[in-house]
Every structure is written in structure tokens, then in C-alpha cells.
Amino acid sequence: MRSFTVTDEVRAYAVEHGSWRTDEVMRRLRSETAALGDPAGMQVGEDEGQLLTMLTRLVGARRAVEVGTFTGYSSLCIARGLAEGGSLLCCDISEEWTAVGRRAWAAAGLAERIELRLAPALDTLRSLPTEPTIDLAFIDADKPGYAAYWAELVPRVRPGGLLVVDNVLWSGRVVEPDADDANTEALRAFNDLVAADARVEAVVLTAFDGLTVARKR
Ligand SMILES: C[S@@+](CC[C@H](N)C(=O)[O-])C[C@H]1O[C@@H](n2cnc3c(N)ncnc32)[C@H](O)[C@@H]1O
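How each quantity is defined
- Residues numbered from 1 in each chain as written.
- Predicted model: local features only at pLDDT ≥ 70, side-chain atom pairs only at ≥ 80, totals over all residues.
- Heavy atoms only, no water.
- Near = heavy atom within 4 Å.
- Polar contact = N/O pair within 3.5 Å; in protein donor to acceptor, adjacent residues only side chain to side chain.
- Areas by Shrake-Rupley, 256 points an atom, 1.4 Å probe, with all protein chains shown as cover.
- Nonpolar A, V, L, I, M, F, W, Y, C, P; charged D, E, K, R; others polar.
- Core = buried A, V, L, I, M, F, W, Y, C linked by side-chain atoms within 4.5 Å.
- Buried < 20%, exposed > 50% of the residue type's maximum accessible area, 1.4 Å probe, protein only.
- Helix = DSSP H or I, 4+ residues; strand = E, 2+ residues; numbered from the N terminus.
- Contact = heavy atoms within 4.5 Å.

Draft legend 1. Quick look at the site of the ligand. The local shell around the ligand holds 18 residues, among which Gly-68, Ser-74, Asp-92, Ala-121 and Asp-140 are the closest. Between the ligand and Asp-140 there is a distance of 2.8 Å, counted from a nitrogen atom to a side-chain nitrogen or oxygen. Between Asp-142 and the ligand, the recorded distance is 3.3 Å, taken from a side-chain N or O atom to a nitrogen atom. Summarising the interface, the protein chains cover 90% of the accessible area of the ligand, which totals 600 Å² for the free molecule. When the residues that make up the shell around the ligand are grouped by side-chain class, the tally is 10 nonpolar, five polar and three charged.

In C-alpha cells, the structure reads:
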């Protein structure tokens, strides 16, 4: 197996060869987010965004949930993949960051499809009906919360639906023996939990910062 370092140039090449182009609204959103400085590192890349659109389309999602919205780029990518009449529920606690997203969603003509709930995600997820009606869930928020989000989401995802989870390899720290910070420990425990969960079949992609794609049985 060959692997190599993905430079900005390689990433740009890959993005240019995908079907979903980064349009003007997305470009503006990315530069507005970049202007925030360090927090901008939390935004998914354009290539990962294309994959989110593809996965949303693959499951024909009409009902999607995102945990961790930030400035709304991943939400845009999910929303543009939704089937006719579909909707996305976004969970976040930051009014400031999500305000940037709200403007972009409106500019993209997708605001009608996206509902934002500003509250701890666990409260929002617990308030959702328990029937398995979600087609796609994307988890990308506080890492110590992942296991609890998973516990709430798995029963609510329909058979054949997807749970997609970001940052699960945490820049490789999950395999570094000396890494014992709270986020790394939480992600190790989360990855073990998913691997042992018979309700799903899962793959951990070594792309991006590690992405788990799990299909509900
Ligand atoms: C990694 S960022 C999300 C990035 C986003 N998916 C994107 O690609 O632009 C994590 C987000 O989780 C939110 N967050 C952190 N703790 C949270 C909680 N307990 N409930 C809901 N959102 C939370 C933060 O406010 C932040 O916007």
C-alpha cells in the first residue's frame, strides 16, 4: 500500500475533480471563517465536504442531523445533498459562529432546509422522537461528548442510514502511547465503543483527520 502527504496542491486537485464545486457562497464562507484565525481549523475541508454531500445523496437523505455546526460549511454540504423536501437539524451552542452559517445558508437558498438549535447537543438529541427516522447523522462537536451523542443517535437512525463521525484519529494521537489528554482518551474510548457496537457496520477512513462511516444494520 502506498500513502503520501496530502499537500494543499493535491487537495485542490482532488476537489477540482469532484462533482460538487465550491461555489461563490462557499468560497466566501471559507474566507470569512479563515478570518477567525485558529478556530478556522475546525472547519471540514472542501474534499470532506464533497464526501458529506455524496454520502447524503447515497442514502437519499430526507432527514439529517448535524452535531457541531460552527460556521455552517459542513451543514451546507449536507443540505445540498438532501433529497427533495429534505431537512437538516443543526446542533451547536455558539450564537456567534452559527450566525456566520445562517447568513451563508440564506445566500445559498438553503435556509428553509436547515433548522438550527442553539443548546447543548445532548439536550437537543434527547428531545428528538425516539423512532428511527434519521437518514444521516454527522458528529463533529466536543470530543468527550461523542459517546453520548452516539448513544442518542444510533436508535434514531433508520436501518440502512449512516452515522458519520469526524476527527476519530485525532492527527494520529489515538495510537501515540504518551498521548493522554482528555480528547485523545475520549476518542480512543469512542472508537472502541463503535468497533464493539453490533447495531452498526463501520469503517474508519484514514482520510482527513479520521472519519468513521457507520451503517445502521
Ligand atoms: C469542529 S466544530 C464543527 C465544525 C463544522 N462541522 C464545520 O465543518 O464547519 C465543533 C462545534 O461544536 C460546537 N460544540 C461544542 N460543544 C458543544 C455542545 N456541547 N453542544 C453542541 N455544540 C457544541 C462548537 O461550538 C463548534 O461550533
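Draft legend 2. Looking closely at the nonpolar core. In this structure, Leu-76, Leu-136 and Val-164 are the most contacted members of the largest nonpolar core, which totals 29 residues. Here the element with the most residues in this core is helix α4 (residues 73-79); it accounts for five residues. In this structure Val-164 touches Leu-52, Leu-55, Leu-136, Ala-137, Phe-138, Ile-139, Leu-211 and Thr-212, once residues within four positions along its chain are discounted. Val-157, Leu-163, Val-168 and Trp-170 belong to the second largest nonpolar core, which has 27 residues in total.

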